[in-house]
Amino acid sequence: QSSFQIQKSRGSHPPSFERSQRTSIFFNISLCFRMVHFFKQINNSIMLGALTSLGRSAAFSTGRSAFVANGARVNAVRSIGSTMVMNAEEGQAEVVLVGCGAPNRGMGWYHAVQMIDKKCPSASLDYVIEPWFMGAGGEGPGGADFKVWQGEAEGAGVKFATSLADLPEPSAPRLALISGRTADNPRLLTESIANGCSCIYLEKPGAPTVAELEAMATEAEAAGVEVLMGYNKNVCKYVRKTREFAETVPGSKVTFVSNNAYENTAESLGECFERNAEGMLKNMAIHELALLASFYDVNVDNIESVTADKEFSSMQTLPGPSGNDFTDFDKIKFTIKTKTGTEVSVQADRCGGTDSYAYVTDAEGNEIFRYYMPDEEDKAHVKELEAKYPTAMPYFFTQDPDYITVKERVAKHTVDGAPADGVATIG
């Protein structure tokens, strides 16, 4: 597969790309929670209804917290002393990664790898906070791999701890990159603020509910701490290219397609459902919802209709590694129409492959443009990463440049206040 264009893009950069796109995420999260409720109703019967008639939030189950064991923080030997020397240099943020996860599988781990490899000039990974694998989870699945990787990272100067409270005072502008379980994020944000973080990079979706996210925004504002969200697709090349082309064709419609490469088996999807227990809409497809909120005027007050693709969408209940059952979508597709006349579609498939893309159709419904991620220019880089990390999640590689872009913009903003263009904020 490669990027292709049926009709050459006309015109230059649209003005909307020249302005900073620092978007509040509240509309997106509220929209997401309503859609979770909505799409759970379509299950087998695919029951359709108006999105705006649904409640503000939806109930959902979350998996085991990586930061909580039996209701209390896991106790482990502290590995940071107050006399340790910091790594951040002039012009760099002192980054604290909160929630690493398993090597080759956790998003936090991949963030760490990029910073250790010096891919983000303004970010120095000085600390990793990982209580699960340094505590009760150390002897379980993934524990041995984590210990090996921890030794390698410590050799590169990274210091490890089980709690933010173990950190010394900052010696440079401190940035917390929170990549833990969604249910833990409100507490982790509070602890990050209490332990000297002047800026927070919060992975999606940020919190289990809109009310908690709003409370987090209020807390951060009162403390003078800015919180930016890790919606990397806001800065993706394929999104930019597709939007540029669509702006040249009156009456056109965009569809965003997000794919993962899980095996289409009960074992593979069950592990996915448990590890991402907030559900597909709050986990995988929330990036597309962020695009809709950021660029297509979609919010909870402006939705005229939501139409589910009944033939494409699929929901399953499967056992995870714990033996507990988890219900989620393995694929979903829907179209949103706003009261201001915008129409945009989202398609997500856990077993769709490694490539994501977007395409444009004209007013008659004919496809006239498609752009892939990765495109031909990026595929060589993906192959290099596949060779370097052969057992890592494939989607890390296709989105590698975008993860770097978002982290670098947030880290630079932490240091010198430069606008983090394209990066969503919490409030």
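Here the residue numbers are simple positions, counted from 1 along each chain's written sequence. At least 70 in pLDDT is required for a residue's local features to be given in this predicted model, at least 80 for side-chain atom pairs to be given and counted, and no such filter applies to totals for whole chains, interfaces and linings, which use all residues. Excluded from the side-chain calculations are hydrogens and water; all other atoms, namely the structure's heavy atoms, are used.

For the protein chain, the helix and strand inventory stands at 11 helices and 14 strands. Between buried and exposed lies partly exposed: a residue is buried under 20% and exposed over 50% of the maximum accessible area for its type, with that area taken using a 1.4 Å probe on protein chains only. Relative to its 427 residues, the protein chain shows a buried fraction of 57%. When contacts within the protein chain are restricted to residue pairs at least 6 apart in sequence, those whose partners lie at least 24 apart make up 77%. For accessible areas, the Shrake-Rupley method is used with a probe of radius 1.4 Å. Any residue's cover is judged against the shown protein chains and nothing else. Of the accessible surface of the protein chain, which amounts to about 17300 Å², a share of 48% is contributed by carbon and sulfur atoms. Secondary structure follows DSSP: runs of H or I at least 4 residues long count as helices, runs of E at least 2 residues long count as strands, and numbering of each begins at the N terminus. The criterion used for residue contact is that any of the two residues' heavy atoms lie within 4.5 Å.

We now examine unusual backbone geometry. Across the junction of Lys204 and Pro205, the peptide omega takes the value -5°, indicating a cis bond. Position of Pro205 relative to the elements: it lies in the loop between strand E6 (199-202) and helix H5 (210-223). Residue Met373 is joined to Pro374 through a cis peptide bond whose omega torsion reads 5°. Position of Pro374 relative to the elements: it lies in the loop between strand E14 (367-373) and helix H9 (376-388). At Asn104, a position not held by glycine, the phi torsion is positive, near 75°. Within the fold, Asn104 resides in the loop between strand E2 (93-98) and helix H2 (107-116). Although it is not a glycine, Lys118 sits at a positive phi angle of roughly 65°. Residue placement: Lys118 occurs in the loop between H2 and strand E3 (123-129). Using a relative accessible area of 65% as the deciding quantity, one classes Lys118 as exposed.

Axes, fitted as lines to C-alpha atoms, cover a helix only where it is in contact. Angles between the N-to-C directions of the axes lie from 0 to 180 degrees. Between helix H4 (residues 185-194) and H5, whose axes approach to 10 Å, the crossing angle comes to 5°. Taken together, the axes of H4 and H5 lie roughly parallel to each other. Within the contact between the two elements, H4 uses Asn185, Pro186, Leu189, Thr190 and Ile193 and H5 uses Glu212, Met216, Glu219, Ala220 and Ala223. Under the convention adopted here, Pro, Cys and the residues Ala, Val, Leu, Ile, Met, Phe, Trp and Tyr are nonpolar, Asp, Glu, Lys and Arg are charged, and Gly plus all remaining residues are polar. By residue class, the composition of the contact of H4 with H5 is 6 nonpolar, 2 polar and 2 charged. Oblique is the label for any angle not covered by the other classes, which are roughly parallel (under 35 degrees), roughly antiparallel (over 145) and roughly perpendicular (65 to 115).

Here the nonpolar core consists of buried residues drawn from Ala, Val, Leu, Ile, Met, Phe, Trp, Tyr and Cys, with membership extended through side-chain atoms lying within 4.5 Å. Grouped together as the largest cluster of nonpolar side chains are 51 residues, with contacts concentrated most on Trp109, Trp149 and Phe396. If one sorts the elements of this core by residue count, H2 sits on top with 6 residues. Every residue in contact with Trp109, bar those within four places of it in the chain, is listed here: Cys100, Ala102, Pro103, Asn104, Trp149, Tyr389, Ala392 and Phe396. Listed in part, the 34 residues of the second largest apolar core include Cys236, Met284, Leu292 and Ile303.

Confidence of the prediction at every residue is given by pLDDT, a number between 0 and 100. Looking at the protein chain, pLDDT values average 83 and 80% of them are 70 or higher. With pLDDT under 50 throughout, residues 1-23 is counted as low confidence; its partners more than four residues away or in other chains account for 54 contacts. Contacts for the low-pLDDT stretch residues 40-85, under 50 throughout, to residues beyond four places or in other chains number 97 contacts.

The rule for pairing is simple: two strands pair if DSSP sees at least two bridges between them. Two elements, strand E10 (residues 314-319) and strand E11 (residues 325-338), share 6 bridges in a ladder whose sense is antiparallel. Bridge pairing links Thr317 to Thr327 in E11. Hairpin connection between E10 and E11: a loop of 5 residues separates the two successive antiparallel strands, and Gly323 in this loop has a positive phi of roughly 95°.

Put simply, two rings from Phe, Tyr or Trp (the six-membered ring, in Trp's case) pair if the centres are within 6.5 Å, and we call them stacked under 30 degrees between planes, edge-to-face over 60, tilted for the rest. Taken as a whole and assessed by the stated rule, the structure comprises 16 aromatic pairs. With centroids separated by 6.1 Å and ring planes inclined at 80°, the aromatic side chains of Phe146 and Phe160 adopt a geometry described as edge-to-face. Taken together, the residues span a long stretch of sequence, with Phe146 in helix H3 (residues 143-155) and Phe160 in strand E4 (residues 159-161) at a distance of 14 residues. The same class applies to Phe146 and to Phe160, which are both buried. Between Phe245 and Phe369 the ring centres are 4.5 Å apart and the planes differ by 10°, which places this aromatic pair in the stacked class. With Phe245 in helix H6 (residues 237-246) and Phe369 in strand E14, this pair connects stretches of sequence that are 124 residues apart. Here Phe245 matches Phe369 in class, with each residue buried. Each residue in the set Trp109, Tyr110, Tyr389, Tyr395, Phe396, Phe397 and Tyr403 is aromatic and connected to the rest through ring pairs, giving one cluster. Our definition puts a charge over a ring when NZ of Lys or CZ of Arg is within 6 Å of the ring centre and also within 35 degrees of the ring normal. When the ring centre of Phe295 is taken as reference, the NZ or CZ atom of Arg243 above it lies at 3.9 Å.

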